[in-house]
Amino acid sequence: MGLLKGGINEIIATTSHNAAPIGIHYRDGKATMILFGGSHTAANIERDGWVVANIVHDPVLYVKTAFEDLTDDAFVEEPVGNRTMYRLAGADAWIAFSAAVEKKTGEAIVVALTPEREIIENAVCYPVNRGFNSIIDATVHATRYRANPTPKLRHLIDYHSDIVKKCGGKKELAALSLLEGYIGQH
Ligand SMILES: Cc1cc2nc3c(=O)[nH]c(=O)nc-3n(C[C@H](O)[C@H](O)[C@H](O)COP(=O)(O)O)c2cc1C
């Protein structure tokens, strides 16, 4: 697999007219997702057997898709084999996967991914930006905080928010203000 790197790849997963940030675990040549809590992504994958991993670098899109739905014009239809899949219109690159539920527990499903197609739409390079990285971290904590608002999670969100304010550009600051709207400020 070319685009995924070893470890957990934080991509935006698209299923039928749905998008959400999800981690793809890629280790020893095997790609999997662990999906918690009855998400739309989990239900769609169980029903349709496919998912697209969108590689994007828009912090606003990570925050937005973690908390709400996108309108239909955010998706592009892609025929892959004999199926129609959907990717994000703004994806720099995308990987279409067949997806099979490998394991199911009360709280999560483990999904095994088989790549069907990999396309680079825009060859772009991004210098490391701690503000962008911290938006991703803050958003992970914020999705948990919404379900379980503990002081520890609030502290982690605040820690990452400070880094976004110090190191982020305009897009990271816009993403942070959106995030604060979803979880409420102090
Ligand atoms: C960077 C990032 C990575 C995430 N990874 C996962 C994951 O691997 N599994 C999961 O179940 N939720 C993960 N989430 C949380 C989901 O994105 C979140 O629950 C979302 O609301 C699910 O949306 P859906 O119901 O439209 O599928 C992640 C969130 C972020 C911000």
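Residues numbered from 1 in each chain as written. Predicted model: local features only at pLDDT ≥ 70, side-chain atom pairs only at ≥ 80, totals over all residues. Heavy atoms only, no water.

Trainee: Can you explain the overall build of the chain? Please cite residues and give values.
Mentor: For the chain, the count of helices and strands is 5 helices and 8 strands. Walking the chain from its N terminus toward its C terminus, one meets helices and strands in the order β-β-β-α-β-α-β-β-β-β-α-α-α. Taken across its 186 residues, the chain has 45% of its residues classed as buried. Surface accessibility of the chain: about 9800 Å² in total, with carbon and sulfur atoms responsible for 52%. Placing the 19 positive and 22 negative side-chain charges of the chain at their respective mean positions leaves the two points 5 Å apart. (Helix = DSSP H or I, 4+ residues; strand = E, 2+ residues; numbered from the N terminus. Buried < 20%, exposed > 50% of the residue type's maximum accessible area, 1.4 Å probe, protein only. Areas by Shrake-Rupley, 256 points an atom, 1.4 Å probe, with all protein chains shown as cover. Lys, Arg positive; Asp, Glu negative; His and termini not counted. Charge placed at Lys NZ, Arg CZ, Asp CG, Glu CD.)

Trainee: Describe the pairing of strand 2 (residues 18–27), and please don't skip the residues or the numbers.
Mentor: Buried residues dominate strand 2, accounting for 7 of its 10 residues. Bridge count between strand 1 (residues 7–15) and strand 2: 9 bridges; the pairing is antiparallel. Bridged to I12 within strand 2 is P21. If you look at the hairpin formed by strand 1 and strand 2, you'll find 2 residues sitting between the two strands, and H17 has a positive phi there, around 50°. (Pairing = 2+ DSSP bridges.)

Trainee: Got a sec to walk through the environment of G37? Specific residues and values, please.
Mentor: By the element assignment, G37 lies in the loop between strand 3 (30–36) and helix 1 (40–48). Taking the C-alpha atoms as reference, G37 lies 6.4 Å from A108; in sequence the two are 71 residues apart.

Trainee: Describe the domain arrangement of the chain, and please don't skip the residues or the numbers.
Mentor: In terms of domain boundaries, the chain breaks down into domain 1 (7–120) and domain 2 (130–183). Inter-centroid distance (C-alpha atoms) of domain 1 to domain 2 is 22 Å. Taken together, the contact pairs 11 residues of domain 1 with 15 residues of domain 2. Between domain 1 and domain 2, roughly 1100 Å² of surface is buried when both sides are summed, and carbon and sulfur atoms account for 83% of that area. (Domains from an automatic or database assignment. Contact = heavy atoms within 4.5 Å. Buried area = accessible area lost by both parts, 1.4 Å probe.)

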